[in-house]
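What the coordinates show
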Amino acid sequence: MGDTVTVTPAAADLIRSLRGQHGPLMFHQSGGCCDGSAPMCYPSGEFRTGGSDVLLASLAVDGVPEPVEFWMSKAQWELWQHTRLTVDVVPGRGSGFSLEAPEGVRFLIRSHLNR
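So, how was this worked out
- Residues numbered from 1 in each chain as written.
- Predicted model: local features only at pLDDT ≥ 70, side-chain atom pairs only at ≥ 80, totals over all residues.
- Heavy atoms only, no water.
- Helix = DSSP H or I, 4+ residues; strand = E, 2+ residues; numbered from the N terminus.
- Rg over C-alpha atoms; globule rule 2.2 N^0.38 Å.
- Pairing = 2+ DSSP bridges.
- Axes fitted to C-alpha atoms, helices over the stretch in contact; angles between N-to-C directions.
- Contact = heavy atoms within 4.5 Å.
- Salt bridge = Lys/Arg side-chain N within 4 Å of Asp/Glu carboxyl O.
- Buried < 20%, exposed > 50% of the residue type's maximum accessible area, 1.4 Å probe, protein only.
- Expected span 1.5 Å × (residues − 1).
- pLDDT = per-residue confidence, 0-100.

**Brief notes about the overall build of the protein chain**
Across its full length, the protein chain holds two helices and seven strands. Counted from the first residue to the last, the protein chain has its helices and strands arranged as β-α-β-β-β-β-α-β-β. Over its C-alpha atoms the protein chain spans a radius of gyration of 13 Å, differing by no more than 12% from the 13 Å that the globule rule assigns to 115 residues. Overall, the protein chain is about 35 × 30 × 25 Å in size when its C-alpha atoms are taken along their principal axes.

**Section: the sheet that holds strand β7 (residues 105-113)**
Read across the sheet, three strands follow the order β1-β6-β7 without closing on themselves; strand pairing throughout is mixed. Of all the strands in the sheet, just β1 (5-7) and β7 have a single pairing partner and so form its edges. Taking each pair of neighbouring strands and ignoring which way they run, the sheet shows an average axis angle of 30°. With nine bridges connecting them, strand β6 (residues 83-91) and β7 associate as antiparallel partners. Its bridge partner lying in β7, Pro-91 is registered against Val-105. Its contacts with the sheet place helix α1 (residues 9-22) against β1, β6 and β7, and it is angled at close to 70° to β6.

**Looking at the pattern of salt bridges**
Where charged atoms of side chains with opposite charge meet at close range, the side chains can pair. All told, the structure shown has three salt bridges when counted by the stated rule. For Glu-66, the salt bridge identified is with Arg-19, shortest N-O distance 2.6 Å. Here Arg-19 lies in helix α1 and Glu-66 lies in the loop between β4 (53-59) and β5 (68-73), a separation of 47 residues in the sequence. With a closest N to O distance of 2.7 Å, Asp-88 and Arg-110 form a salt bridge. In this pair, Asp-88 sits in strand β6 while Arg-110 sits in strand β7, placing the two residues 22 residues apart along the sequence. Judged by relative accessible area, which is 12%, Asp-88 ranks as buried. The partly exposed category is assigned to Arg-110, whose relative accessible area is 37%.

**A word on the environment of Ala-57**
Structurally, Ala-57 can be placed in strand β4. In contact with Ala-57, not counting residues within four places along its chain, are Val-5, Val-68, Glu-69 and Phe-70.

**A word on α1**
Over its 14 residues, α1 runs 20 Å from end to end, which matches the ideal 20 Å to within 8%, given 1.5 Å per residue. On the buried face of α1, the contacting elements are β1, β2 (25-29), β3 (40-43), β5, β6 and β7. Positive phi appears at Gly-23, one or two residues downstream of α1, with a value of about 85°.

**A look at the confidence of the model for the protein chain**
Where the model shows low pLDDT, its predicted coordinates should not be examined in detail. Per-residue confidence for the protein chain averages 90 on the pLDDT scale, and 92% of its residues sit at or above 70. By mean pLDDT, the top-scoring element of the protein chain is α1 (98), and the lowest-scoring one is helix α2 (residues 74-80) (91).

In structure tokens:
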């Protein structure tokens, strides 16, 4: 899927930090409400994916030895398949179980229509 998902420099910095604390990482984004629509970062394999999920990218982040998989629910991907997604970081604490919550920041997605 090419560059369907990218990360900002701030997100890459946070991913490197979280990788150092928690080991290999993964993202999952569902189509839920509130923070359920934000990308959640977990230790790799902690969130079980299955037939209702799509692997959108295996992100190469400088300083992280393995790819960081980015998954999305199929239902959400059906709505967003015409976009490019950028993982970014903003101040504030999300209400989910994402690894960055104790850091006082949260991941979010910025989307752009493909042309």
